Amino acid sequence: MTTPIPNPQGQPGLLLLGTVWPEKAVEAFRQFFAVHRFEKMADLNQAALAQIGPGIKAVATGFVPGLPGPVMAALPALQAIAVDGVGTDLVDMAQAHKRGIAVMTEAGAPIITHDVADMAMALLLAVKRRVVFNNQWVRSGDWAAKGLPPLGSSLSGCKMGLAGFGHIGQAIARRAAAAEMTIAYWQRHQVPQSPHPFMATLLELAQWADVLVLAMPATAATRGIVNGAVLEALGEQGVLINIARGALVDEQALIAALAGGRLAGAGLDVFDHEPAINPAFLMLQNTVLSPHQASATFKDRLDTALDCLGKLKAFFKLG
């Protein structure tokens, strides 16, 4: 925790949570808000909340740690929450709605859209072209000792199924089309005038696809939606890419399919219960694993932080 600065101007109190905030953005926040910064939620204990809670009118937080219900409840003057991310999984949305607290996210922000779409393609290439495996093959001396490694697979001609076809899903589709892949999608509603076919169910999409990419929100209704039946439909030559949320996947079914050769590979940027991921993932050679970094670029972090500030300034009519 940093020491709160004096507030002689009577600026609105702002609780700044998480580690996603570049120092340049923090200084910008301090021009308009009395900032109370906590990088670790463990430091935001009851004593700290009792001291600063009554004066907090706004919260800016990353997807992690979000804003848990007990912390929100200790902020009686809270009016607005800005999330530096596209999801509200870790924000107590029921309490926010009940109290009339505005919740703003970065959903649709161009920089997040592009960076996450890039990561989806990076994971796909890494799995299909065996980039991580080949890197280790060279570093271990196996190239000299054993010759060339096993062949990878082409993207060209592959069928990509997108589960979720919002801003990020459509950005992934544009990149996949440039790689000469065929694209179809599934979500709750068909997108008018899309050049890509719409599948009626996720199972139908998985049966059609060579690669299934998850780009949809995690909700109570979508938890574990990628289950054993979906993975079986994707098949032993299929690849799963997840840049959305770990909760979408039945991880036990996924691990069993990967270990048993019923799925060719997976590229995963997100996991259930992250960062304490299931250790069975670490033993699988047909996976590429990333620590929730799809939007983690220098430009993204600064641009989205300043956008969060802009949203809060507009809400409070500041500057």
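Keep in mind the model is a prediction, meaning the values are calculated, not measured.

Draft legend 1. Representation of the side chain of Glu251 in the model. Checked against the element boundaries, Glu251 lands in helix α11 (residues 251-259). Put simply, Glu251 is tucked away with no salt bridge, and the nearest opposite charge, on Arg223, sits 8.2 Å away. A polar contact is formed between the side chain of Glu251 and the backbone nitrogen of Asp272, at a distance of 2.8 Å.

Draft legend 2. Broad picture of the packing of helix α5 (residues 110-128) against helix α8 (residues 167-178). Packing of α5 against α8 leaves a shortest axis separation of 9 Å and a crossing angle of 50°. When the axes of α5 and α8 are compared, the pair comes out oblique. For α5 against α8, the interelement crossing comes out right-handed. Across the interface between the two elements, Thr113, His114, Val116, Ala117, Asp118, Ala120 and Met121 of α5 pack against His167, Ile168, Ala171, Ile172, Arg174, Arg175 and Ala176 of α8.

Draft legend 3. Spatial organisation of the domain arrangement of the protein. Domain annotation for the protein reports domain 1 (13-105 + 298-316) and domain 2 (112-285). Here the C-alpha centroids of domain 1 and domain 2 sit 32 Å apart. The interface of domain 1 with domain 2 comprises seven residues on the first partner and five residues on the second. Of the roughly 520 Å² buried between domain 1 and domain 2, counting both surfaces, carbon and sulfur atoms make up 54%. Three residues stand out in domain 1 for area buried against domain 2, namely Val86, Asp89 and Asp300, and they jointly supply 65% of the buried area on that side. When the shortest N-O distance is used, the salt bridge between Asp89 and Arg245 registers 3.1 Å.

Draft legend 4. Spotlight on the UniProt feature "domain: D-isomer specific 2-hydroxyacid dehydrogenase NAD-binding" (unreviewed entry) in the protein. The sites that carry the UniProt feature "domain: D-isomer specific 2-hydroxyacid dehydrogenase NAD-binding" (unreviewed entry) are, in the present numbering, residues 121-294. Helix makes up 33% of residues 121-294 and strand makes up 14%, while its end C-alpha atoms are separated by 10 Å.

Draft legend 5. Expanded view of the sheet that holds strand β4 (residues 80-84). The parallel open sheet is built from five strands, whose spatial order is β2-β1-β3-β4-β5. Since the sheet does not close on itself, it has two edges, and those belong to β2 (34-38) and β5 (102-104), each with one partner. Pairs of neighbouring strands in the sheet enclose a mean axial angle of 15°, with direction left out of account. In this structure, strand β1 (residues 13-17) lies alongside β2, joined through five bridges in parallel fashion. Across the sheet, residue Gly13 finds its bridge partner in β2, namely Ala34. Contacting β1, β2 and β3 (56-62), helix α1 (residues 23-30) runs over the sheet at an angle of about 145° to β2. Contacts from helix α12 (residues 298-316) reach β1, β3, β4 and β5, with the element oriented near 165° to β4.

Draft legend 6. View of the environment of Asn242. Following the sequence through the fold, Asn242 ends up in strand β9 (residues 239-242). Residue classification places Asn242 among the buried residues on the basis of a relative accessible area of 1%. C-alpha separation for the pair Asn242 and Met119, spaced 123 residues apart in sequence, amounts to 9.7 Å. Here Asn242 is in contact with Leu214, Leu248, Val249, Gly267, Leu268, Asp269 and Val270, once residues within four sequence places are set aside. Within the structure, the side chain of Asn242 is placed 2.9 Å from the backbone nitrogen of Ala244, a separation counted as a polar contact.

Draft legend 7. Quick look at the pattern of salt bridges. Applying the stated criterion across every chain yields a total of eleven salt bridges. The residue Asp142 makes a salt bridge to Lys146 at a minimum N-O spacing of 3.8 Å. Residue Asp142 and its partner Lys146 are located together in helix α7 (residues 142-146), separated by four residues, close to a single helical turn. Through salt bridges with shared partners, one network takes in Glu23, Arg37 and Glu39.

Draft legend 8. Quick look at the nonpolar core. Membership of the largest hydrophobic core comes to 33 residues, with the highest contact counts inside it found for Leu124, Met160, Leu162, Ile172 and Ile243. Broken down by secondary-structure element, the contributors of at least two residues to this core are α5, β6 (159-163), α8, β7 (182-186), β8 (211-214) and β9. By residue number, the principal contributor to this core is α5, which donates ten residues. If near-sequence neighbours (up to four positions away) are discounted, Leu124 is found in contact with Leu155, Met160, Met181, Val211, Val239 and Ile241. If you look at the next biggest cluster of nonpolar residues, it comprises 31 residues, including Ala184, Val226, Ala244 and Phe271.

Draft legend 9. View of the sheet that holds strand β11 (residues 287-289). Judged by pairing direction, the sheet is parallel, and its six strands sit side by side in the order β7-β6-β8-β9-β10-β11 without closing on themselves. Because the sheet does not close on itself, it has two edges, and the strands there are β7 and β11. Taken pair by pair, the neighbouring strands of this sheet meet at an average axis angle of 15°, ignoring direction. For β9 and strand β10 (residues 265-268), the ladder comprises four bridges, and the chain directions are parallel. Across the sheet, the residue bridging to Ile241 is Gly267, located in β10.

Criteria and thresholds
- Residues numbered from 1 in each chain as written.
- Predicted model: local features only at pLDDT ≥ 70, side-chain atom pairs only at ≥ 80, totals over all residues.
- Heavy atoms only, no water.
- Helix = DSSP H or I, 4+ residues; strand = E, 2+ residues; numbered from the N terminus.
- Buried < 20%, exposed > 50% of the residue type's maximum accessible area, 1.4 Å probe, protein only.
- Lys, Arg positive; Asp, Glu negative; His and termini not counted.
- Salt bridge = Lys/Arg side-chain N within 4 Å of Asp/Glu carboxyl O.
- Polar contact = N/O pair within 3.5 Å; in protein donor to acceptor, adjacent residues only side chain to side chain.
- Axes fitted to C-alpha atoms, helices over the stretch in contact; angles between N-to-C directions.
- Parallel < 35°, antiparallel > 145°, perpendicular 65-115°, else oblique.
- Left-handed = near helix turned anticlockwise from the far one by under 90°.
- Contact = heavy atoms within 4.5 Å.
- Domains from an automatic or database assignment.
- Buried area = accessible area lost by both parts, 1.4 Å probe.
- UniProt positions renumbered as here; feature names shortened; annotations may be inferred.
- Pairing = 2+ DSSP bridges.
- Core = buried A, V, L, I, M, F, W, Y, C linked by side-chain atoms within 4.5 Å.

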